[in-house]
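# Remarks on the overall topology
Spelled out from the first residue to the last, the chains are:
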Amino acid sequence: MTKVIRIGTRDSELALWQATTVKDQLESLGYQTQLVPVKSTGDLVLDKPLSELGITGIFTKTLDVAMLKGDIDIAVHSMKDVPTALPKGIVQAAVLERANFLDLLVYKNNQEFLGQRQATIATGSLRRQAQWLNRYPTHTITDLRGNVNSRLQKLEDNNWNGAIFAAAGLDRIGLEPENTIGLTWMLPAPAQGAIMIAALASDDYVQEACAQLNHEPTEICTDIEREFLRILEGGCTAPIGALATIKTTETSEDITLKGVLLTVDGTQKLEAEFTVRLGQHQSLAKDCANSILARGGKRLMSELQKVAQKTTIFSTKKITPEQQQLFADGIQVDSDDFVKINSSRIPAPILKKPLQNVVITSKNAVEALLTTMPANKLQFKNIYCVGRKTKRSIERHIGKVTHSENSAKKLAHYLVEFMEGTEVTYFCSNIRLDVLPDILKEHNIVINEIEAYKTKHDSVSLDPSVEGVLFFSPSTIDSYLLKNKPDKIAYCIGETTATHARTYFSDVRVARMPDTESVIALVNENYK
């Protein structure tokens, strides 16, 4: 056992307590460990309710990224914070024995306010808010964020009657105040009170180590609760509670699941409760969730999601899951391809003869060339291109690039100044800007344009909630304008695209480098 298992954790007192518990248990088994505290967006953004941050897994995403990058080996989470779908490459390695799953009301002075019409209760949880308002509809809920210690201090400093906490969190760091009431009528968050260890799917050594810490009854109950949550499609933006419990008698061992879905204001409440024999519980979560959905839950969830899932940023090119992860927490992103590309059949005689100067401004042109002619048959002496990704594609598949620039305009001026000869062959789209050809023609350079691919506009109308649009070529701008107004922020991949955007948009911003990742970084800067 020579490998040191690096344990990633949030740096709050409660999270460190949980990670230290895992550390101690692993070391008691003979493993070497090291704590690696990482601050999450959920800890950093304290001025907005969780629901307004618009994403699930806000307390776990930073650790997921650290694990996938190889900075940590395992992540220790409060299981209720973990999204029901783990990122690709990450698995649930163990669930520790569950602690107290109840919610507690910490109150000031006395309990008289519970029988009064007016009272103020603090919580940052929609689930707690909805259930409290369902029971006490005339009370006022105020938002409460931060770690356990800071929330207790805020309760002390403000004129509130009480605040709601998870009993397990208070118990674990020894901070339970004297004035508390166990809210036995309030269903907890799915998996509340449980600690989950996540690991890389590819790391067998770590998974085997963590498996020894797994508590099977807790794993069974929390898996059922999380499956119930998944079927209802909830997260931070939906008031959903669930609790599965196992009861053993002399004659049987049963498992019961209680579930609840509410509106945020607590005016509507749908509950379900099912009990089955342990071992026959495979459809328990599904049956409970479907019971709620069939009695109005589907409509209620649809309404909740329409309110919560407003797109902030739209990309005119499909964003990959890996690129989606690069957006800062709280930014809602949607995407679609606003231009469709089809390679043209380039006449073979053109490609069979030697070409002294070739200009390529898109990866699409590279793909079209390779579709027509094997790379080893191409006789290009000098290749000039626009963009780092285009350059990488050329050098990977065709040959060395003589020179590249970040924009067509800059490349045109370079060619005028330094190119050998007075003729170029330009492999382009049926739709292209005039910048490069015009500059070359002005300086008496002959330009032979070859249509390598066709570009077809294929846009959709965007929701008014969209604040900014990502553009990756002038064609995506033209396509966007067919069905939308230029009243958003235009985030552009390069100066050529930005120049075209400035014709229509009043707010145009340009990425530092001409690639998708830089455009995403530009968006993140705006939302700091």
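Located above this text is the structure these notes cover.
Note that the structure is predicted; figures quoted are calculated from it, not measured.

## As for the pairing of strand 1 (residues 4-9)
Alignment of strand 1 against strand 2 (residues 32-37), held across six bridges, turns out to be parallel. Across the sheet, the residue bridging to Val-4 is Gln-32, located in strand 2. Considered for its hand, the β-α-β crossover made up of strand 1, helix 1 (residues 13-28) and strand 2 is right-handed. Looking at chain direction, strand 1 and strand 3 (residues 74-78) are connected through two bridges and run parallel. Bridging across to strand 3, Ile-7 finds its partner in Ile-74.

## Re the packing of aromatic side chains
Think of a pair of aromatic rings as described by two things: how far the centres are apart, and how the planes are tilted against each other in angle. Scanning the entire structure with this criterion turns up eleven aromatic pairs. When the centroid spacing of 5.9 Å and the interplanar angle of 75° are considered together, the rings of Tyr-31 and Tyr-205 count as edge-to-face. Placement of the pair is Tyr-31 in the loop between helix 1 and strand 2 and Tyr-205 in helix 8 (residues 204-211), with a sequence separation of 174 residues. Exposure remark for Tyr-205: the relative accessible area of 27% places this residue in the partly exposed category. Consider the rings of Trp-132 and Trp-185, whose centres lie 5.9 Å apart with planes at 45°: the pair is tilted. In this pair, Trp-132 sits in helix 5 (residues 126-135) while Trp-185 sits in the loop between strand 9 (180-182) and strand 10 (195-200), placing the two residues 53 residues apart along the sequence. When its relative accessible area of 0% is taken as the criterion, Trp-132 is described as buried. For Trp-185, a relative accessible area of 26% corresponds to the partly exposed category. Among the aromatic residues, those joined into a ring-pair cluster are Trp-132, Tyr-136 and Trp-185. Its guanidinium or amino end placed over the ring of Phe-472, Lys-317 lies 4.5 Å from that ring's centre, counting from NZ or CZ.

## Digging into helix 1
Given a rise of 1.5 Å per residue, 16 residues ought to cover 22 Å, and the 22 Å separating the end C-alpha atoms of helix 1 matches this to within 8%. Regarding helix 1, the residues found buried are Leu-14, Ala-15, Gln-18, Ala-19, Thr-21, Val-22, Lys-23 and Leu-26. Phi turns positive one or two residues past the end of helix 1, at Gly-30, with a value near 100°.

## Here's the deal with the sheet that holds strand 17 (residues 355-360)
Within a beta sheet, neighbouring strands are joined by backbone hydrogen bonds and run either parallel or antiparallel to one another. Strand order in the open sheet formed by six strands is 16-21-20-17-18-19, and the pairing between neighbours is mixed. On the outer flanks of this sheet lie strand 16 (339-343) and strand 19 (403-405), each paired with one strand and no other. With strand direction ignored, the average angle separating the axes of adjacent strands in the sheet is 25°. Bridge count for strand 16 against strand 21 (residues 446-457) is five bridges, and the pairing is antiparallel. Bridge assignment links Asn-342 to a residue of strand 21, and that residue is Lys-454.

## Details of unusual backbone geometry
Residue Ala-191 is not a glycine yet carries a positive backbone phi of 75°. With respect to the helices and strands, Ala-191 occurs in the loop between strand 9 and strand 10. For Ala-191, a relative accessible area of 0% translates into the label buried. In this structure, Asn-444 takes a positive phi of about 60° despite not being glycine. Here Asn-444 shows up in the loop between helix 16 (435-442) and strand 21.

## A look at the side chain of Asp-515
Turning to its location among the elements, Asp-515 is positioned in the loop between strand 24 (508-510) and helix 19 (516-526). Residue classification places Asp-515 among the buried residues on the basis of a relative accessible area of 6%. Excluding its chain neighbours within four sequence positions, the residues that come into contact with Asp-515 are Arg-388, Lys-389 and Ile-493.

## Topic: the environment of Leu-200
Mapped onto the elements of the fold, Leu-200 is located in strand 10. Assessed through its relative accessible area of 18%, Leu-200 is described here as buried. When the C-alpha atoms of Leu-200 and Lys-88 are compared, they prove to be 9.2 Å apart, with 112 residues separating the residues in sequence. The contact partners of Leu-200, leaving out residues within four places of it in the chain, are Met-67, Leu-68, Asp-73, Gly-89, Ile-90, Val-91 and Gln-207.

## Considerations on helix 15 (residues 408-418)
For helix 15, the set of buried residues is Ala-408, Leu-411, Ala-412 and Leu-415. Looking straight down helix 15, one finds that the buried residues subtend no more than 105° of arc, so they occupy a single side. Across from the buried face of helix 15, at angles greater than 90 degrees, the exposed residues are Glu-417 and Phe-418. Check the buried side of helix 15 and you find it contacts strand 17, strand 18 (380-386), strand 19, helix 16 and helix 18 (495-501).

## Description of the environment of Ile-450
Relative to the helices and strands, Ile-450 is located in strand 21. The class for Ile-450 is buried, based on a relative accessible area of 13%. Taking the C-alpha atoms as reference points, Ile-450 and Ile-350, separated by 100 residues in sequence, lie 8.9 Å from one another.

## Let's talk about the pattern of salt bridges
This structure, assessed with the given rule, holds 23 salt bridges. In this structure, Glu-225 engages Arg-98 in a salt bridge whose closest nitrogen and oxygen atoms are separated by 2.8 Å. Taken together, the residues span a long stretch of sequence, with Glu-225 in helix 9 (residues 216-232) and Arg-98 in the loop between strand 4 (90-95) and strand 5 (103-107) at a distance of 127 residues. Like Glu-225, the residue Arg-98 is buried in the burial classification.

Parameters at a glance
- Residues numbered from 1 in each chain as written.
- Predicted model: local features only at pLDDT ≥ 70, side-chain atom pairs only at ≥ 80, totals over all residues.
- Heavy atoms only, no water.
- Pairing = 2+ DSSP bridges.
- Helix = DSSP H or I, 4+ residues; strand = E, 2+ residues; numbered from the N terminus.
- Right-handed = clockwise from strand over helix to strand, strands pointing away.
- Phe/Tyr/Trp six-rings, centres within 6.5 Å; stacked < 30°, edge-to-face > 60°.
- Buried < 20%, exposed > 50% of the residue type's maximum accessible area, 1.4 Å probe, protein only.
- Lys NZ or Arg CZ within 6 Å of the ring centre and 35° of its normal.
- Expected span 1.5 Å × (residues − 1).
- Axes fitted to C-alpha atoms, helices over the stretch in contact; angles between N-to-C directions.
- Contact = heavy atoms within 4.5 Å.
- Arc of directions from axis to C-beta.
- Salt bridge = Lys/Arg side-chain N within 4 Å of Asp/Glu carboxyl O.

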